[in-house]
Amino acid sequence: MTMPIYVVWGIALAVCCCLWIIFGVRRRKIGEPPLENGLIPYLGCALKFGANPLEFLRANQRKHGHVFTCKLMGKYVHFITNSLSYHKVLCHGKYFDWKKFHYTTSAKAFGHRSIDPSDGNTTENIQSTFSKTLQGDALAALTQAMMENLQVTLRPQGAGPLTAAWVTEGMYAFCYRVMFEAGYLTLFGRDLARQDVQRGLIRSSLDHFKEFDRVFPALVAGLPIRAFKTAHRAREKLAEGLGHERLRLISLRMHLNDTLSTFDDAEKARTHLALLWASQANTIPATFWSLFQMIRSPEAMEAASEEVQKALEKAGQQLSFEGKPVHLSQMQLNDLPVLDSIIKEALRLSSASLNIRTAKEDFTLHLEDGSYNIRKDDIIALYPQLMHLDPEIYPDPLTFKYDRYLDENRKTKTTFYSNGIKLKYYYMPFGSGATICPGRLFAVQEIKQFLILMLLYFELELVESHVKCPPLDQSRAGLGILPPLHDIEFKYKFKY
Ligand code: HEM
């Protein structure tokens, strides 16, 4: 008598399951954090984590305490969730490899060769190149160019007179358009002779950028770009416009040229695309949230307008729509604690970045509340949103309070506590340690410049005055600032 085929398949499946349970499932060893293997081979807990990382991590925190391990896409990820331990994690730098994941992801997403200096294609860590060219002296040039370009973008186009009519637009669409255009012009230069042609090119680059950025979470998760035909085409089109000679800032052009000396023009353009993405993908939603939260809060609007007026008077600057653009120096921009606090608070509420490091060898991680054995190739992860929304550190954590980062003297507040202990890290939308965002200082300056100009140029109103805050788009959790799930209509009209 022969067995029916489904019985044979059933037995084979049962044997595979037994083998997987015996050999494929990792078991927790003494001294290691509690382990969640998940039920699905390879994926582990990835589906639950992906659906809502914050809730998933909070549930595991309640179950296991501050440190636990989850299997995600074949990797074992140790989550450290106690904010008091963040600085201790960063002290273990010698055991961490932060490059592997970053460099592989960048190569896959943007299509360039390996930029890991140990592979011989590049002469130094590109992170160091960016730090040199987006900070220090270079920052002043970047900031000045951005202020001018924002004004070119915001001022009425063409030679027609200024109209005093209200314009209604989606606020996210508006921030996207203005920040993309001004940011693009700042990095890749303005073609004064052919401004209209260039504007058209930037608008089509913006469409390509949106198309490519839409699939970015899937690329980071490991899917190949060839699986997304339109996005693939958009990426190639974007890179075509980003030749090396287009880089406007001389120090950036020179340093990148040295670092990427073995790359041909097409491959350099792909690394410029990586820079374009890094400079826009988080800044655009961050600008939206800063503007939205400011307009929504009458006290924030009043305090910000007053601060901007005073700063302009102090700097001896006057607003003019046709004449010289408004200019504020780095020092003047750094002295705007109310705008700083508004931006920080908006980013605290919308940031969901994942800071990860790979263990180079077996080692013991010594934290505030215990020590844990970590195996080679495992991942150590921080998810600062847990800290940003912790009611003990930030009372009433879901409410926007424009002055949360101001002290009693209306200066920047830097003391925050957990469990009665002063925190070293309390605000981390830009990552931490070796992989901290090299563009963070510029990012804050450009958002501030945008808010200043919006307050100076326009009367601003929400179409629906008591509009609810749109939910965050969780599909991008882990990548940085989450965009709103839907747009919000607002009205603006030139003041004069
Ligand atoms: C609000 C705006 C921004 C936010 C929230 C943000 C956040 C981040 C985060 C979380 C990372 C990854 C850190 C990690 O892996 O641990 C990063 C990397 C990076 N960011 Fe930003 N960023 C912003 C704006 C900018 C701007 C304006 C630029 C450039 C002009 C920039 C350039 C970069 C670059 C080049 C990297 C990759 C560095 C590397 O190769 O490791 N970012 N950013």
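Residues numbered from 1 in each chain as written. Predicted model: local features only at pLDDT ≥ 70, side-chain atom pairs only at ≥ 80, totals over all residues. Heavy atoms only, no water.

1. Description of the environment of Ala141
Line of reasoning, step 1. The residue Ala141 is located in helix H7 (residues 137-154) in this model.
Line of reasoning, step 2. Expressed as a C-alpha distance, the spacing of Ala141 and Gln127, which sit 14 residues apart in the sequence, is 20 Å. (Helix = DSSP H or I, 4+ residues; strand = E, 2+ residues; numbered from the N terminus.)

2. Thoughts on the packing of aromatic side chains
Line of reasoning, step 1. This structure, assessed with the given rule, holds 32 aromatic pairs.
Line of reasoning, step 2. Judged by centre distance (6.1 Å) and plane angle (65°), the ring pair of Trp98 and Tyr103 falls under edge-to-face. There is no split in this pair, since Trp98 and Tyr103 are both buried.
Line of reasoning, step 3. The ring of Tyr76 carries Arg26 above its face, with NZ or CZ at 4.1 Å from the centroid.
Line of reasoning, step 4. Lying across the ring of Trp166, Lys491 places its NZ or CZ 4.9 Å from the centre. (Phe/Tyr/Trp six-rings, centres within 6.5 Å; stacked < 30°, edge-to-face > 60°. Buried < 20%, exposed > 50% of the residue type's maximum accessible area, 1.4 Å probe, protein only. Lys NZ or Arg CZ within 6 Å of the ring centre and 35° of its normal.)

3. Let's talk about the nonpolar core
Across soluble globular proteins, you tend to see nonpolar side chains buried next to one another.
Line of reasoning, step 1. With 146 residues, the main nonpolar core has Leu291, Phe450 and Phe490 as its most contacted residues.
Line of reasoning, step 2. The two domains that each donate at least three residues to this core are domain 1 (5-81) and domain 2 (117-494).
Line of reasoning, step 3. Aside from chain neighbours lying at most four places away, what touches Leu291 is Met171, Cys175, Phe450, Leu451, Met454, Leu460 and Phe490. (Core = buried A, V, L, I, M, F, W, Y, C linked by side-chain atoms within 4.5 Å. Domains from an automatic or database assignment. Contact = heavy atoms within 4.5 Å.)

4. Describing the UniProt feature "binding site: heme" (unreviewed entry) in the chain
Line of reasoning, step 1. UniProt records the feature "binding site: heme" (unreviewed entry) at Cys437, using the numbering of this structure.
Line of reasoning, step 2. Tracing the chain through its elements places Cys437 in the loop between strand E12 (421-422) and helix H19 (440-457).
Line of reasoning, step 3. Residue classification places Cys437 among the partly exposed residues on the basis of a relative accessible area of 26%.
Line of reasoning, step 4. In this structure Cys437 touches Gln135 and Phe430, once residues within four positions along its chain are discounted. (UniProt positions renumbered as here; feature names shortened; annotations may be inferred.)

5. What to know about the pairing of strand E8 (residues 363-367)
Line of reasoning, step 1. Side-chain alternation along E8 places Phe363, Leu365 and Leu367 on a buried face and Thr364 and His366 on a face that remains uncovered.
Line of reasoning, step 2. Here E8 pairs with strand E9 (residues 370-374) via five bridges, running antiparallel. Residue pairing across strands places His366 opposite Ser371, the latter belonging to E9.
Line of reasoning, step 3. The antiparallel pairing of E8 with E9 creates a hairpin that spans two residues between the two strands. (Pairing = 2+ DSSP bridges.)

6. Observations concerning the pairing of strand E7 (residues 355-359)
Line of reasoning, step 1. Within E7, five of the five residues are buried, which leaves it mostly tucked inside the rest of the structure.
Line of reasoning, step 2. On E7, burial covers both faces: Asn355, Arg357 and Ala359 on one face and Ile356 and Thr358 on the other are all buried.
Line of reasoning, step 3. With two bridges connecting them, strand E4 (residues 96-97) and E7 associate as antiparallel partners. Among the inter-strand pairings, Phe96 is bridged to a residue of E7, identified as Ala359.

7. Observations concerning unusual backbone geometry
As a rule of thumb, non-glycine residues mostly have phi less than zero, and peptide bonds are mostly trans rather than cis.
Line of reasoning, step 1. Even without a glycine there, the phi angle at Asp377 is positive, about 75°.
Line of reasoning, step 2. Within the secondary structure, Asp377 sits in the loop between E9 and strand E10 (379-382).
Line of reasoning, step 3. Its identity as a non-glycine residue notwithstanding, Asp396 has a phi of 55°, on the positive side.
Line of reasoning, step 4. Position of Asp396 relative to the elements: it lies in the loop between helix H18 (385-388) and strand E11 (417-418).

8. Quick word on the side chain of Asn355
Line of reasoning, step 1. Structurally, the position occupied by Asn355 is in strand E7.
Line of reasoning, step 2. For Asn355, a relative accessible area of 6% puts it in the buried group.
Line of reasoning, step 3. Among all residues touching Asn355, those that are not within four sequence positions of it are Ile380, Ala381, Leu382, Pro384, Met428, Gly431 and Ser432.

9. A few points about empty space enclosed by the protein
Line of reasoning, step 1. Summed over the entire model, instances satisfying the criterion amount to four cavities of 30 Å³ or more.
Line of reasoning, step 2. For the largest cavity, the calculated volume is near 60 Å³.
Line of reasoning, step 3. The wall of the largest cavity is formed by Val152, Glu181, Leu185, Arg190, Gln195, Gln198, Arg199 and Ile202.
Line of reasoning, step 4. Elements supplying a minimum of two residues to the lining of the largest cavity: helix H8 (171-188) and helix H9 (195-214).
Line of reasoning, step 5. Per element, the largest residue contribution to the lining of the largest cavity is four residues, and it comes from H9.
Line of reasoning, step 6. Of the residues assigned to the lining of the largest cavity, the class counts are three nonpolar, two polar and three charged. (1 Å grid on protein atoms, 1.4 Å probe; cavity = no way out; pocket = protein on both sides within 12 Å on 5 of 7 lines; lining within 4 Å. Points joined across faces, edges and corners; volume = space filled by probe spheres on them. Nonpolar A, V, L, I, M, F, W, Y, C, P; charged D, E, K, R; others polar.)

10. Some remarks on the site of the ligand
Line of reasoning, step 1. Close contacts around the ligand come from 21 residues, with His102, Gln127, Thr435, Cys437 and Glu446 the closest.
Line of reasoning, step 2. Within the side chain of His102, a nitrogen or oxygen atom sits 2.6 Å from an oxygen atom of the ligand.
Line of reasoning, step 3. Within the side chain of Gln127, a nitrogen or oxygen atom sits 2.7 Å from an oxygen atom of the ligand.
Line of reasoning, step 4. For the shell around the ligand, the secondary-structure elements that each account for two or more residues are helix H6 (126-134), helix H13 (265-280), helix H14 (283-296) and H19.
Line of reasoning, step 5. A per-element tally of the shell around the ligand places H6 first, with four residues.
Line of reasoning, step 6. By residue class, the composition of the shell around the ligand is twelve nonpolar, eight polar and one charged. (Near = heavy atom within 4 Å. Polar contact = N/O pair within 3.5 Å; in protein donor to acceptor, adjacent residues only side chain to side chain.)

11. Focus on helix H15 (residues 298-314)
Line of reasoning, step 1. When the terminal C-alpha atoms of H15 are compared, their 24 Å separation across 17 residues agrees well with the 24 Å that a helix rising 1.5 Å per residue should span.
Line of reasoning, step 2. In this fold, the buried residues of H15 make contact with H14, helix H17 (337-350), H19 and strand E13 (458-462).
Line of reasoning, step 3. Positive phi shows up at Gly316, right after H15, with a value of about 65°. (Expected span 1.5 Å × (residues − 1).)

12. Describing the pattern of salt bridges
Oppositely charged side chains are able to pair whenever their charged atoms sit close together.
Line of reasoning, step 1. For the coordinates displayed, the defined rule picks out 22 salt bridges.
Line of reasoning, step 2. Taken together, the shared-partner salt bridges in this structure form one network comprising Lys100, Lys376 and Asp377. (Salt bridge = Lys/Arg side-chain N within 4 Å of Asp/Glu carboxyl O.)

13. Considering the sheet that holds strand E15 (residues 489-494)
In a beta sheet, neighbouring strands are held together by backbone hydrogen bonds and run either parallel or antiparallel to one another.
Line of reasoning, step 1. Taking strand neighbours across the sheet as the criterion, the three strands line up as E5-E15-E13 in an open arrangement whose pairing is antiparallel. Looking at strand neighbours, the two that pair on one side only are strand E5 (167-170) and E13, the edges of this open sheet. Averaged over all pairs of adjacent strands, the angle between their axes in this sheet comes to 30°, without regard to strand direction.
Line of reasoning, step 2. Summarising the sheet, E5 and E15 pair through four bridges and their orientation is antiparallel. Directly across from Val167, in E15, lies its bridge partner Tyr492. (Axes fitted to C-alpha atoms, helices over the stretch in contact; angles between N-to-C directions.)

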